[in-house]
Amino acid sequence: MSVQTKIYEGKAKILYTTHDPEILLADFKDDATAFNAQKRGSIQGKGNINNIISSKLFQQLEARGIKTHYIDSPAPNQMRVKALKILPLEVVVRNIAAGSLCKQTGLAVGTVLKQPLVEFYYKNDELGDPLLTGDRLFLLELATPEQVDTITHLALQINKFLCDFFRRCDITLVDFKLEFGLDSQQQLLLADEISPDTCRLWDNSAVRDPNLRVLDKDRFRQDLGNVENAYQEVLQRVLKAVESN
Ligand code: TMP
Ligand code: ASP
């Protein structure tokens, strides 16, 4: 394939080929969507911010032995990544009840979970990314039992690291979404991004105020305003925490 052919455009990123078939270039966009793209908009600077935050977090995870698709970041909104076969799963880890967990169970927003909850959703826009049962996941052959075990273990390890990391940013990690993929040796790697688009992040200095505390994409989803400022704030705190490591 020729250099820099667009091979995929998602809601937040465009993927290009490179001279090396094992390497892709991810271009992070400012476009923002919510509710399966029924709500569309743009968050100025988001592409740069999400790429920088994700790159830093992937580097930190790699340093702790967790394998990711991250290679390097040649430009503020670009990440070179290993070419993977992405599993059609959205793996959500929750520490505090929010979002769809509250809508579907009646749990009050902010309820601290006794232990982290790991959930698997079917990554399928046409179906609206439905929550899977284990049996449905295997029925659809979305992953093997061994892969599900490995992903669950990795997701909990990543949660532990991210909770500690964001605590140092004076931020509570409420929940987040991960994606995984297989490389050419069938090795399972963490993929996609970890950013204010894919995490719920609450500012500890305003943790009781349901508007002020929100430092993530819920500001866009719920029209809370000051979206750009919140993303910038997370970036500054992440960079400071990385520097003081
Ligand atoms: P949820 O409460 O809406 O299920 O979201 C759980 C977490 O997953 C939250 O941190 C936001 C993130 N998320 C995504 O990254 N992409 C999505 O499409 C959705 C619905 C949620
Ligand atoms: N991924 C969602 C969408 O499909 C956005 C979200 O709620 O994070 O638009």
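Residues numbered from 1 in each chain as written. Chains lettered and ligands numbered in written order. Predicted model: local features only at pLDDT ≥ 70, side-chain atom pairs only at ≥ 80, totals over all residues. Heavy atoms only, no water.

Some details on the site of ligand 1
In the vicinity of ligand 1 lie 15 residues, with Arg94, Ser100, Asp175, Lys177 and Arg200 positioned nearest. One of the side-chain nitrogen or oxygen atoms of Asp175 is found 2.6 Å away from an oxygen atom of ligand 1. At 3.5 Å from an oxygen atom of ligand 1 is found a main-chain nitrogen or oxygen belonging to Thr198. A total of 450 Å² of accessible area belongs to ligand 1 in isolation, and the protein chains cover 76% of it. At the level of secondary structure, the elements contributing two or more residues to the shell around ligand 1 comprise strand S9 (89-96), helix H2 (99-105), strand S11 (171-182) and strand S13 (199-203). Residues that form the shell around ligand 1 fall into these classes: five nonpolar, three polar and seven charged. (Near = heavy atom within 4 Å. Polar contact = N/O pair within 3.5 Å; in protein donor to acceptor, adjacent residues only side chain to side chain. Areas by Shrake-Rupley, 256 points an atom, 1.4 Å probe, with all protein chains shown as cover. Helix = DSSP H or I, 4+ residues; strand = E, 2+ residues; numbered from the N terminus. Nonpolar A, V, L, I, M, F, W, Y, C, P; charged D, E, K, R; others polar.)

Considerations on the side chain of Lys46
Take Lys46: it is sitting in helix H1 (residues 46-63). For Lys46, the contacting residues outside a window of four places in its chain are Ala12, Lys29, Asp30, Asp31, Ala32, Asn51, Asp197 and Tyr231. (Contact = heavy atoms within 4.5 Å.)

Some details on the packing of H1 against helix H4 (residues 145-168)
Closest axis-to-axis distance for the H1/H4 pair is 11 Å, and the angle between their directions is 120°. Taken together, H1 and H4 sit at an angle that is classed as oblique. In the packing of H1 onto H4, the handedness of the crossing is right-handed. On H4, the residues that touch Leu57, Gln60 and Leu61 of H1 are Ile158, Phe161, Leu162, Phe165 and Phe166. The class makeup of the residues in the contact of H1 with H4 is seven nonpolar, one polar and no charged. (Axes fitted to C-alpha atoms, helices over the stretch in contact; angles between N-to-C directions. Parallel < 35°, antiparallel > 145°, perpendicular 65-115°, else oblique. Left-handed = near helix turned anticlockwise from the far one by under 90°.)

Details of the site of ligand 2
Inspection of the region around ligand 2 gives Lys11, Thr33, Ala34, Phe35, Asn36, Ala37, Lys217 and Arg221 as its neighbouring residues. In this structure, Ala34 approaches ligand 2 through a main-chain N or O atom, which is 3.3 Å from an oxygen atom. Within the complex, the protein chains bury 75% of what would otherwise be the 270 Å² of accessible surface of ligand 2. A breakdown of the residues in the shell around ligand 2 according to their chemical character gives three nonpolar, two polar and three charged.

What about the pairing of strand S3 (residues 23-28)?
Among the six residues of S3, six are classified as buried, and the element is accordingly described as predominantly covered. Here strand S2 (residues 13-17) pairs with S3 via five bridges, running antiparallel. Pairing of Leu15 across the sheet is with Ala26, part of S3. Between the end of S2 and the start of S3, which pair antiparallel, lie five residues. Of the strand pairs in this sheet, S3 and strand S7 (residues 78-82) are connected by five bridges, and their pairing is antiparallel. Counterpart to Ala26 in the pairing with S7 is Met79. (Buried < 20%, exposed > 50% of the residue type's maximum accessible area, 1.4 Å probe, protein only. Pairing = 2+ DSSP bridges.)

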